Amino acid sequence: MALLPILEFPDPRLRTVAAPVDPAQVTTPEFQRLLDDMFETMYDAPGIGLAASQVDVHQRFMVIDLSDEKNEPRVFINPEIVERDGEQVYQEGCLSVPGIFADVTRANSIRVRSIGRDGAPYELDAEGLLAVCIQHEMDHLAGKLFVDYLSPLKREMVRKKLAKQRRQSA
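Residues numbered from 1 in each chain as written. Predicted model: local features only at pLDDT ≥ 70, side-chain atom pairs only at ≥ 80, totals over all residues. Heavy atoms only, no water.

Engineer: What is the right way to read the overall build of the protein chain from this model?
Structural biologist: Secondary structure summary: the protein chain contains three helices and seven strands in total. Starting at the N terminus and ending at the C terminus, the protein chain contains elements arranged as α-β-β-β-β-β-β-β-α-α. Considered along the principal axes of its C-alpha atoms, the protein chain spans approximately 45 × 40 × 30 Å. Buried positions account for 45% of the 170 residues belonging to the protein chain. For the protein chain, the proportion of contacts with a sequence separation of at least 24, taken over those separated by at least 6, is 65%. Taken as a whole, the protein chain presents about 8,700 Å² of accessible surface, with 51% of it coming from carbon and sulfur. (Helix = DSSP H or I, 4+ residues; strand = E, 2+ residues; numbered from the N terminus. Buried < 20%, exposed > 50% of the residue type's maximum accessible area, 1.4 Å probe, protein only. Contact = heavy atoms within 4.5 Å. Areas by Shrake-Rupley, 256 points an atom, 1.4 Å probe, with all protein chains shown as cover.)

As structure tokens, this is what we get:
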């Protein structure tokens, strides 16, 4: 397995709309290895979700693991939200926007249709943090970041803060 570089805001590649994954590709050794690398990268960061777009792979899939023990890996390939209900505000962060957190309003519960790591289609009902995480990662696949929910002024402040952090660590 290998750690993958995570793109950071405002990298324009984060705005790329991901292409669907060919279902025949899912069970290939190469794709399975990429999933393993994404989990390793996410756990190392550390994070709870990672979309392929964040590691400069512009295909519609993502990995999530909300467990403290990091032993409940979930794979979503070509995910699609088919139902939404309610509303919740959650303070979100993002591996592509390190050190920044902001309140974002999203659906409280969703039903997502996807393909699993084994290549089989499935549906999942999610609420709370899992629903937030799925919606957040799916935004990445559409070329959208959580900072897009902020006002233009706050978004510019985030951009400047990240640029300063990069200069200080260089």
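Engineer: Explain the pairing of strand β4 (residues 88–94) here, please?
Structural biologist: Look at any regular strand and the pattern is simple: side chains alternate between the two faces of the sheet. Both β4 and strand β5 (residues 97–106) contribute to a ladder of six bridges, which runs antiparallel. Paired with Glu92 across the two strands is Ala102, which belongs to β5. The turn linking β4 back onto β5 is made up of two residues. (Pairing = 2+ DSSP bridges.)

Engineer: Sorry if this is basic, but what is going on with helix α2 (residues 128–141) here?
Structural biologist: Owing to its 3.6 residues per turn, the α-helix aligns residues three or four sequence positions apart on the same side. Compared with the 20 Å implied by 1.5 Å per residue over 14 residues, the 21 Å span of α2 between its first and last C-alpha is a close match. Extensive coverage of α2 is indicated by the burial of 12 of its 14 residues. By the burial criterion, the buried members of α2 are Leu130, Ala131, Val132, Cys133, Ile134, Gln135, His136, Glu137, Met138, Asp139, His140 and Leu141. Immediately downstream of α2, the backbone of Gly143 shows phi near 80°, a positive value. (Expected span 1.5 Å × (residues − 1).)

Engineer: Honestly, the pairing of strand β7 (residues 121–127) in this entry has me stumped. Any pointers?
Structural biologist: Note that strand β6 (residues 109–115) and β7 share seven bridges and pair antiparallel. What sits directly across from Arg111, in β7, is Asp125. Taking the residues that link successive antiparallel strands as the turn, the β6-β7 hairpin has five residues, and the phi of Gly119 there is positive, at about 90°.

Engineer: Is there a simple way to think about the sheet that holds β6 in this case?
Structural biologist: Backbone-to-backbone hydrogen bonds join strands into a sheet, with any given pair of strands oriented parallel or antiparallel. The sheet built from five strands is open, its strands ordered β1-β2-β3-β6-β7 with antiparallel pairing. Every other strand in the sheet has two partners, leaving β1 (49–51) and β7 as the edge strands with one partner each. Put simply, the sheet's adjacent strands are angled 40° from each other on average, direction ignored. Inspection of the sheet shows strand β2 (residues 61–64) paired to strand β3 (residues 74–85) by four bridges, in the antiparallel sense. (Axes fitted to C-alpha atoms, helices over the stretch in contact; angles between N-to-C directions.)

Engineer: For this particular structure, what's the right way to read the layout of surface pockets?
Structural biologist: It is a probe the size of a water molecule, rolled over the atoms, that shows where empty space is left. The calculated volume of the largest pocket comes to roughly 360 Å³. Of all elements in the fold, only β4, β5 and α2 reach the threshold of two or more residues within the lining of the largest pocket. The residue makeup of the lining of the largest pocket, split by class, is 13 nonpolar, seven polar and two charged. Space inside the second largest pocket adds up to approximately 170 Å³. Gly99, Ile100, Phe101, Ala102, Leu150, Lys154, Met157, Val158 and Lys161 together form the lining of the second largest pocket. For the lining of the second largest pocket, the secondary structure elements donating two or more residues are β5 and α3 (152–169). Per-class residue counts for the lining of the second largest pocket are six nonpolar, one polar and two charged. (1 Å grid on protein atoms, 1.4 Å probe; cavity = no way out; pocket = protein on both sides within 12 Å on 5 of 7 lines; lining within 4 Å. Points joined across faces, edges and corners; volume = space filled by probe spheres on them. Nonpolar A, V, L, I, M, F, W, Y, C, P; charged D, E, K, R; others polar.)

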